[in-house]
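A structural walkthrough
The chain contents come next:
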Amino acid sequence: MTAGSGAGAASGAGAASGAGAASGALADLVALCAARPVWAPDPERAFDAPPPGREASHARPVRQSAVLVLFGVLDAADARADQPAVAADLDVLLTRRSPTLSHHPGQVSFPGGGIDPTDAGPEAAALREAREETGLDPAGVRVLGTLPLLPVTVSRNLVTPVLGWWDRPSAVAATDPAETVGVFRVPVADLVDPARRVTTVLRRGGDEWRGPAFDADGVLVWGFTAFILDRLLDAVGWAVPWDEGRTVPAPV
C-alpha cells in the first residue's frame, strides 16, 4: 500500500499514458465498460426490504451517488506478491473514511459521494468528490465509462461506479479529516494474492452476511468496496482462486 504519491508519480511519457507492464490492464477495463456486466439484476428492489438487523425506513429517500474506481501505474512501490497474477505496477486508489462518520465509519472505500444537482452526471460527481477527498487533479483522469448501478441498503444509496484510468497521476492526500483520514494507492497484484483474501462474516439479530474482503497490508477492505473489487477482478479475468472458507469477523 502506497500512501499519497506525489505529482511526479508517473515518470516519463510511457508511465503517463499507460504504456509498459500495466498497459494491458487498460484494454481490459475498457472492454469491461463495453460489456456492461450485471452484478445486481434489479438494484432498486434492494430497498424494498431492510438489511439484516435493521428496521424498514421507507420515509428516507434513496440517494443517487457515484464512486471513482481509479486505476493507474505505480511509480516506485510495486506489488509485494511473490508471483503477481497481474502487472506489479498496476494500482487502484482507495481512501479510508473518518471513524466519526455516521455511515460506514472507518471503512476503506473508493472516493465518491452524492450526485449534486449541479453535477453533469455520475462521472462529474465522482471526479468532483475525488478531488474534494484526495486533492487529485481531475484533468489527469481518463473516464473509461460507468458500471451498472449498485445498491447500498444500509445508507440507502444507489451507486454508480465510474471507472477511470490515471493518465497523469497527481499528488493525493486526505484533505478533510472529518470525512477522510487516509488515501492509498494499492497494488492490484497484492489484492488478488490468495494469501491476502478472506471472507468477512457479519452477524446481527440472528442474521448473517458474508462478503469478500482483501488484506491491504493490515488494512481490511470489505463491504461494498470489496464487493465491487471482487466482481471487477473476476469480470476482467485478473482474479485467481482463493480460499473463501477462510473467514474473519467484520470489523464493526
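What you see is a predicted model; the values in this text were computed from it and never measured.

1. A word on the packing of aromatic side chains
Following the criterion strictly, the structure yields 2 aromatic pairs and no others. Geometrically, the ring pair formed by Phe71 and Trp238 is edge-to-face, given 5.8 Å between the ring centres and 80 degrees between the ring planes. Taken together, the residues span a long stretch of sequence, with Phe71 in strand S2 (residues 63-73) and Trp238 in the loop between helix H5 (223-235) and strand S13 (247-249) at a distance of 167 residues. Comparing Phe71 with Trp238, the two get one shared label, buried. Both rings, one in Trp209 and one in Trp222, keep their centres 6.4 Å apart while their planes meet at 65 degrees; by these two values the pair is edge-to-face.

2. Looking at the sheet that holds strand S11 (residues 207-216)
An order of S12-S11-S10-S13 is seen for the 4 strands of this open sheet, with the pairing classed as mixed. Edge strands, defined here as strands with exactly one partner in the open sheet, are strand S12 (219-221) and S13. Adjacent strand axes in the sheet meet at a mean angle of 45 degrees, parallel and antiparallel pairs treated alike. Docked against the sheet, H5 engages strand S10 (197-204), S11 and S12, running at close to 70 degrees with respect to S11.

3. Observations regarding the pairing of strand S8 (residues 157-166)
Burial runs high along S8: 10 of the 10 residues are buried. Relative to S8, S2 runs parallel, the two being bridged by 9 bridges. What sits directly across from Leu68, in S8, is Val162. Here strand S6 (residues 141-146) pairs with S8 via 5 bridges, running antiparallel. Across the sheet, the residue bridging to Arg142 is Trp165, located in S8.

4. Side note on the nonpolar core
Membership of the largest hydrophobic core comes to 44 residues, with the highest contact counts inside it found for Phe71, Trp165, Leu232 and Trp238. If one sorts the elements of this core by residue count, H5 sits on top with 6 residues. Listed in part, the 14 residues of the second largest apolar core include Leu68, Leu93, Ala125 and Ala126.

5. Remarks on unusual backbone geometry
Backbone geometry places Arg36, a non-glycine residue, at a positive phi of 50 degrees. Note on placement: Arg36 falls in the loop between helix H2 (23-35) and S2. Take Arg36: its relative accessible area is 40%, and that puts it in the partly exposed class. Backbone geometry places Arg156, a non-glycine residue, at a positive phi of 55 degrees. Within the secondary structure, Arg156 sits in the loop between strand S7 (150-152) and S8.

6. With respect to the side chain of Thr95
Assignment of secondary structure puts Thr95 in strand S3 (residues 90-97). Excluding residues that lie within four positions of it along the chain, Thr95 makes contacts with Gln107, Val108, Ser109, Phe110, Pro111, Glu133, Thr134, Thr180, Gly182, Val183 and Phe184.

7. Some details on the confidence of the model for the chain
Atomic detail in the predicted coordinates should be set aside for any region of low pLDDT. Put simply, the chain has an average pLDDT of 83, and 81% of its residues get 70 or more. Taking the mean pLDDT of every element in the chain, the minimum, 37, falls on helix H1 (residues 12-17) and the maximum, 97, on S6. Under a pLDDT of 50 for its full length, residues 5-20 has, in the predicted model, 29 contacts with residues more than four places off or in other chains.

What counts, and where the lines are drawn
- Residues numbered from 1 in each chain as written.
- Predicted model: local features only at pLDDT ≥ 70, side-chain atom pairs only at ≥ 80, totals over all residues.
- Heavy atoms only, no water.
- Phe/Tyr/Trp six-rings, centres within 6.5 Å; stacked < 30°, edge-to-face > 60°.
- Helix = DSSP H or I, 4+ residues; strand = E, 2+ residues; numbered from the N terminus.
- Buried < 20%, exposed > 50% of the residue type's maximum accessible area, 1.4 Å probe, protein only.
- Pairing = 2+ DSSP bridges.
- Axes fitted to C-alpha atoms, helices over the stretch in contact; angles between N-to-C directions.
- Contact = heavy atoms within 4.5 Å.
- Core = buried A, V, L, I, M, F, W, Y, C linked by side-chain atoms within 4.5 Å.
- pLDDT = per-residue confidence, 0-100.

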